[in-house]
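# Structure assessment
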Amino acid sequence: MNKKILSATTFLSLLLALFVSQSAFAQQAPIEGTSYYLPKTALRFSILIEKTTFTPGEYARYAERYMKLPVREEAETSYRVVGINMSTYALPDSNKHFTAIIDHKHTLISLERDQNGILKAINAKGYSIPEPAKFTPAPKAQPLNPHDFMTEDILSAASSAKMAELIAREIYDIRDSRNQLSRGEADFMPKDGEQLRLMLGNLSTQEQALLQVFAGTTEVDTTEHFVDIIPNGEVDGEILFRVSKHLGLVSKDDVSGTPYYIYVRDMQVIPTLKYDIEEAAKRSKEDIGINVNLPGKIQITLSSMKKNVAAFETLAAQYGRVENLSANLFNKKYMTRLTLNPVTGNVDQLITEPLE
């Protein structure tokens, strides 16, 4: 068996390499503290789309003959945008991941983070911005059934043409009765104004229901849809969404829909950070890992068919810069309470109390 014997020089080289490796590992060991993220601001657009559904009447083909009504005989559904609103929310920014150093030399007692690890407060209670109220459509009136207002003669008619003729005659009789009541010429006049109002209302309901068999019905529904975007830098005419007249909200790649474009302009406005007391704000050479956002102001414009349809302004974290807070704010002389805006990471409140 061949045995390899290490020389003294080789053995010392291995020991030195092991020592260097262990020293490097010790330098890369994680700092004891609490990790957190600062937020990136996302935009959420609430789009209200109105759907209109036209259903032709059962006897639409007789509308011109008996009622002199030019009506459509084909069903149709159409969509249009009737409102656009914008809100903001936060996502953790992977480029802004920090660790706050927790030790006996500083008054970092508590750090509050949200469920995504975004810093909300230090030595204080953070808050959450409530979500915008969801759109609630107006309650619909109960649809009228024309057959509930048809006489026995109408229902027993031998043909659709005869039924349409009798329905038209009934509509004209209802109109005559309403005119007579309005003029005070009816054979049986109501005793008071309230009774007159009820009688006129009932006649209008009967006419509306029967007229549906000729004119058809139109039903309108409004629904809310959401489109999100995380802007970065200037955005110049990017397609945000498309709406088709016949299909509603469609994919951005579906050319059947009319495009809605988004423009984002960096207004180059960044708020300054002010401390409550001058002495504590003096810059320290020591970095204890406490950072906040100074968000930038942006202007958002939506356009379609070469017309602006909505405009907004907001603060967005990614358009500003990161500010490192001085370690002096958290030394043993002061108790600093810090509350951040949960969407932008900006300082909402910074209170520094001297400790005796």
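These numbers come from a predicted model, not from an experiment.

Let us look at the sheet that holds strand S9 (residues 291-304). Two modes of strand pairing occur in sheets, parallel and antiparallel, and in both the strands are linked by backbone hydrogen bonds. On the basis of which strands lie adjacent, the open sheet formed by five strands has the order S7-S6-S8-S9-S10 and antiparallel pairing. One side of each edge strand has no neighbouring strand; the edge strands of this open sheet are strand S7 (248-250) and strand S10 (307-324). Neighbour-to-neighbour, the strand axes of the sheet open up by a mean angle of 30°, direction not taken into account. The sheet contact formed by strand S8 (residues 258-266) and S9 spans six bridges and is antiparallel. Within S9, the position partnered with Ile262 by the bridge is Leu302.

Glancing now at the packing of aromatic side chains. Under the counting rule described, the total for this entry stands at five aromatic pairs. Taking the centre distance of 6.1 Å and the plane angle of 40° together, the rings of Tyr62 and Tyr66 count as tilted. Take Tyr62 and Tyr66: they sit in the same class, and that class is buried. Of the aromatic side chains, those joined through ring pairs into one cluster are Tyr59, Tyr62 and Tyr66. For the cation-ring pair, Arg72 lies above Phe54, with the distance from its terminal atom to the ring centre recorded as 4.0 Å.

Note on placement: Thr339 falls in strand S11 (residues 334-340). Judged by its relative accessible area of 9%, Thr339 falls in the buried class.

Let us now look at the pattern of salt bridges. On inspection of all chains with the given rule, the structure shows 16 salt bridges. Between Lys105 and Glu286 there is a salt bridge, with its nearest N and O atoms 3.8 Å apart. Placement of Lys105 in the loop between strand S2 (76-101) and strand S3 (111-113) and of Glu286 in the loop between helix H6 (278-281) and S9 is noted, with a sequence separation of 181 residues between them. Owing to a relative accessible area of 33%, Glu286 belongs among the partly exposed residues under this scheme.

Relative to the 34 Å expected for 24 residues at 1.5 Å per residue, helix H4 (residues 160-183) spans 35 Å between its end C-alpha atoms, a close match to the ideal helical length. Within H4, burial applies to Met163, Ala164, Leu166, Ile167, Ala168, Ile171, Ile174 and Leu181. Positioned one or two residues after H4, Gly184 has a phi angle of 75°, which is positive.

About the thresholds
Residues numbered from 1 in each chain as written. Predicted model: local features only at pLDDT ≥ 70, side-chain atom pairs only at ≥ 80, totals over all residues. Heavy atoms only, no water. Pairing = 2+ DSSP bridges. Helix = DSSP H or I, 4+ residues; strand = E, 2+ residues; numbered from the N terminus. Axes fitted to C-alpha atoms, helices over the stretch in contact; angles between N-to-C directions. Phe/Tyr/Trp six-rings, centres within 6.5 Å; stacked < 30°, edge-to-face > 60°. Buried < 20%, exposed > 50% of the residue type's maximum accessible area, 1.4 Å probe, protein only. Lys NZ or Arg CZ within 6 Å of the ring centre and 35° of its normal. Salt bridge = Lys/Arg side-chain N within 4 Å of Asp/Glu carboxyl O. Expected span 1.5 Å × (residues − 1).

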